[in-house]
Amino acid sequence: VQLQASGGGLVQAGGSLRLSCTVSGRTLSSYDMAWFRQVPGKEREFVAGISKTGSLTDYADSVKGRFTISGDNAKNTVDLQMNSPKPDDTAVYYCAAARSWGGNRRRWLSYHYWGQGTLVTVSS
C-alpha cells in the first residue's frame, strides 16, 4: 500500500488548510488511519486518528476543536481539516495507516505504512 499526502503550504494563523492523504494499493477501509506531525529535534507527534469503520475518531488535546479528520471510502482518501491553526502547528505532517490499531493508536510505532510528509507553515 502507498500513501500520498498533499495540501501543505503557508497559512496565516486563524485561517484554514486542508490536508489530504490518498491511499493506493488497498482500500481505505482496510486500515485505521492517522495524521502525525514532526518538527526538527522532536519526536513524531499524534495529531488525529480515525478507525477503519469511521466510527471512532481521536484527537490530540492540542488540536481538539480546531482540526477534523475524515475519511472518504469512495475516493480512498483521509483528510485533515485544519481550522484556526496556530504557529505552534507548524510542522511536517504525515499520514499513516495501521492494519489494526491494537494497543495504542497515538503511538507512531503502531503504524505500518507512512506517507512522505507535507510541510505546513503557520505564520503569525
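All figures in this text were calculated on a predicted structure; none of them were measured in a lab.

### Concerning the nonpolar core
Okay, step 1: In this structure, Met33, Trp35, Leu80 and Tyr93 are the most contacted members of the largest nonpolar core, which totals 35 residues.
Okay, step 2: Only strand E1 (2-6), strand E3 (16-24), strand E4 (32-38), strand E5 (45-50), strand E7 (67-72), strand E8 (77-83), strand E9 (91-98) and strand E11 (118-123) provide two or more residues apiece to this core.
Okay, step 3: Sort the elements by how many residues they give to this core and E9 lands first, with six residues.
Okay, step 4: If near-sequence neighbours (up to four positions away) are discounted, Tyr93 is found in contact with Leu19, Trp35, Phe36, Arg37, Val47, Phe67, Leu80, Met82, Gly117, Thr118 and Val120.

### Details of the environment of Phe67
Okay, step 1: Its location among the elements puts Phe67 in strand E7.
Okay, step 2: When the C-alpha atoms of Phe67 and Ser84 are compared, they prove to be 8.3 Å apart, with 17 residues separating the residues in sequence.
Okay, step 3: For Phe67, the residues in contact, after removing those within four places along its chain, are Arg37, Val47, Tyr59, Leu80, Gln81, Met82, Asn83, Asp89 and Tyr93.

### Re the pattern of salt bridges
Okay, step 1: Counted under the stated rule, the structure contains seven salt bridges.
Okay, step 2: Where salt bridges share partners, they join Arg37, Glu45, Arg66 and Asp89 into one cluster.

What counts as what
- Within each chain, residues carry numbers counting from 1 in the order of the written sequence.
- Thresholds applied to this predicted model are a pLDDT of at least 70 for local features of residues and 80 or more for the giving and counting of side-chain atom pairs; totals over whole chains, interfaces and linings are not thresholded and use all residues.
- Note that the side-chain values use all heavy atoms of the structure and ignore hydrogens as well as water.
- By nonpolar core is meant a set of buried Ala, Val, Leu, Ile, Met, Phe, Trp, Tyr and Cys residues that side-chain atoms within 4.5 Å join together.
- Each residue gets one of three labels from its accessible area relative to the maximum for its type: buried under 20%, exposed over 50%, partly exposed in between, using a 1.4 Å probe on protein chains only.
- Starting at the N terminus, helices and strands are each numbered in turn, a helix being any DSSP run of H or I of at least four residues and a strand any DSSP run of E of at least two.
- Contact between two residues is taken to exist if any of their heavy atoms lie within 4.5 Å; hydrogens are not considered.
- Basic side-chain nitrogens of Lys or Arg form a salt bridge, by our definition, when they fall within 4 Å of a carboxyl oxygen of Asp or Glu.

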